[in-house]
Amino acid sequence: MLKKNLALLLSLSFFLFLFSSCSASRVSVNGSKIDNEIYEYFKDKADKENSADTLLLRYVAINSKFNEQGLKISSSEKAALSSDADDIWHLYSAYYTEKGISKAAIYKAELSNLYYTILLENYYSSDGQSPVAEDDIKDYFKNNYAVIRYVTGYLFNEDENGIIEMTDEQKKSVSKSFTAAAEMINNGSSIEESIASLNDAEIRYAIVTSTDSAGFPDDFFEKIKDLEVGKAAAVTSGSYIFLVLREDGEKGDYASYTDSRLDCLKAMKSEEFEKIVSSWAKAYTIDN
């Protein structure tokens, strides 16, 4: 009983710290006053799907659940959080100041977002409430991410009069050069060796996903998703042609799975987890 009461007191203290201290309060949740700036922040973020009250109760639920589970944030996460808040304030301080929202409130909102991410990771971890197999996350990465090195070619010319589309013969010539370069790679040459015949060729690196074209044409991922690791192809999309070499995203010099793992998990489970968060929020009400 003593431990239970102590936990309740600690939770209440944490609750009060997070939801007050920035400015005067005019709203309360479950009897605890909420910082007015936080409420103003969510009024600004509200839309047709989520009212300010809904967003506020979600915020309270996330912060309370994080504390209840005894989770922590690392020093590196704190540093990144502070940097993100600084960046937001640098860009939008005038806007938020006019709304009556301080930098401290921005920090608290970003902190809650971090709590959400940690809660999601914890929930779906190997010892969490609903473990997601590592192989399933890797399969999502393989099917929805493409790590590539590439060279961009153009199927148009540009002069003082503007952009002029190439003739069909010119396009065929460029396409032939890019196809030949891809064949060289597939026959054992390096991408560096293959581009010797391409004019002003610059090799670049990118991660393209099924939901983020990374600046490429919208249909680009669909055109490269079946390209095998270590293989190259000439890919035409609109007025551009690309020499694309698919790299191994899980190991080697261009491995990016570790950095992308959390994004994969979020893509797989965020919709489901949001429903769980909504169920937590039902324990809280805004006092009249």
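As the structure is a computational prediction, the values presented were derived from the model and not from experiment.

Honestly, the nonpolar core in this entry has me stumped. Any pointers?
Where a protein is soluble and globular, its nonpolar side chains tend to be buried together. Leu-56, Tyr-124 and Phe-273 are the most contacted members of the largest nonpolar core, which totals 49 residues. Considering each element in turn, this core owes the most residues, eleven residues, to helix H5 (residues 103-123). Here Phe-273 is in contact with Tyr-116, Leu-119, Leu-120, Tyr-123, Tyr-124 and Trp-280, once residues within four sequence places are set aside. Core analysis: the second largest hydrophobic core is formed by 15 residues, Ala-181, Ile-191, Ile-241 and Leu-245 among them.

Is there a simple way to think about the packing of aromatic side chains in this case?
Where two aromatic rings form a pair, the distance of their centres and the angle of their planes describe that pair. A full pass over the atoms with the stated rule returns 21 aromatic pairs. Centre to centre, the rings of Tyr-240 and Phe-242 are 6.3 Å apart; their planes meet at 20 degrees, and the pair counts as stacked. The class for Tyr-240 is partly exposed, based on a relative accessible area of 32%.

Just to check I follow, could you spell out helix H3 (residues 52-68) for this structure?
Because each turn of an α-helix spans 3.6 residues, side chains separated by three or four positions end up pointing in the same direction. Taking 1.5 Å per residue, 17 residues should reach 24 Å; H3 reaches 24 Å between its end C-alpha atoms and fits that length. With respect to burial, H3 is a largely interior element, twelve of its 17 residues being buried. For H3, the complete set of buried residues consists of Ala-52, Leu-55, Leu-56, Leu-57, Tyr-59, Val-60, Ala-61, Ile-62, Asn-63, Ser-64, Lys-65 and Phe-66. Looking one or two places after H3, you find Gly-70, whose phi comes out positive at around 65 degrees.

Would you take a moment to explain the pattern of salt bridges for this structure?
All chains considered together, the criterion is met by 15 salt bridges. Residue Glu-134 is joined to Arg-261 by a salt bridge in which the shortest nitrogen-to-oxygen separation is 2.9 Å. With Glu-134 in helix H6 (residues 134-144) and Arg-261 in helix H10 (residues 257-281), the pair connects residues that are 127 residues apart, well separated along the chain. Classification of Glu-134 by relative accessible area gives partly exposed; the value is 32%. On the basis of relative accessibility, which here comes to 25%, the residue Arg-261 falls in the partly exposed class.

How do you make sense of the sheet that holds strand E3 (residues 145-154) when you look at a structure like this?
The strand order across the open sheet built from four strands is E6-E3-E8-E7, with neighbouring strands paired in antiparallel fashion. At either end of the open sheet lies a strand with only one pairing partner, and these are strand E6 (204-209) and strand E7 (232-237). The sheet shows a mean angle of 40 degrees between the axes of neighbouring strands, direction not considered. The pairing of E7 with strand E8 (residues 240-246) spans six bridges and is classified as antiparallel. Bridge pairing links Ala-232 to Leu-245 in E8. The sheet contacts of helix H7 (residues 168-186) involve E3, E7 and E8, and relative to E8 the element is tilted by about 5 degrees.

Calculation notes
Per-chain numbering applies: the sequence of each chain, read as written, is numbered from 1 onward. For this predicted model, a pLDDT threshold of at least 70 governs which residues receive local features, and a threshold of 80 or more governs which side-chain atom pairs are given and counted, while totals over whole chains, interfaces and linings are taken from all residues. As a rule here, side-chain values come from all non-hydrogen atoms in the structure, and water together with hydrogens is ignored. To qualify as a nonpolar core, a set must consist of buried Ala, Val, Leu, Ile, Met, Phe, Trp, Tyr and Cys residues joined through side-chain atoms within 4.5 Å. The cut-offs for exposure are 20% and 50% of the maximum accessible area for each residue type, with area from a 1.4 Å probe on protein chains only; residues under the lower value are buried, those over the upper are exposed, and the others partly exposed. Numbering of helices and strands starts at the N terminus; helices are DSSP runs of H or I of at least 4 residues and strands are runs of E of at least 2. Residue contacts are counted whenever heavy atoms from the two residues lie within 4.5 Å of one another. Think of it this way: a Phe, Tyr or Trp ring, Trp meaning its six-membered ring, pairs with another when their centres are within 6.5 Å, and the plane angle makes it stacked under 30 degrees, edge-to-face over 60, tilted otherwise. In this scheme, a helix's expected span is set at 1.5 Å multiplied by one less than its residue total. By definition, a salt bridge exists where a carboxyl oxygen of Asp or Glu is found within 4 Å of a side-chain nitrogen of Lys or Arg. At least two bridges found by DSSP between two strands is the condition for calling them paired. Angles run from 0 to 180 degrees between N-to-C directions of axes, and those axes are lines fitted to C-alpha atoms, restricted for helices to the stretch in contact.

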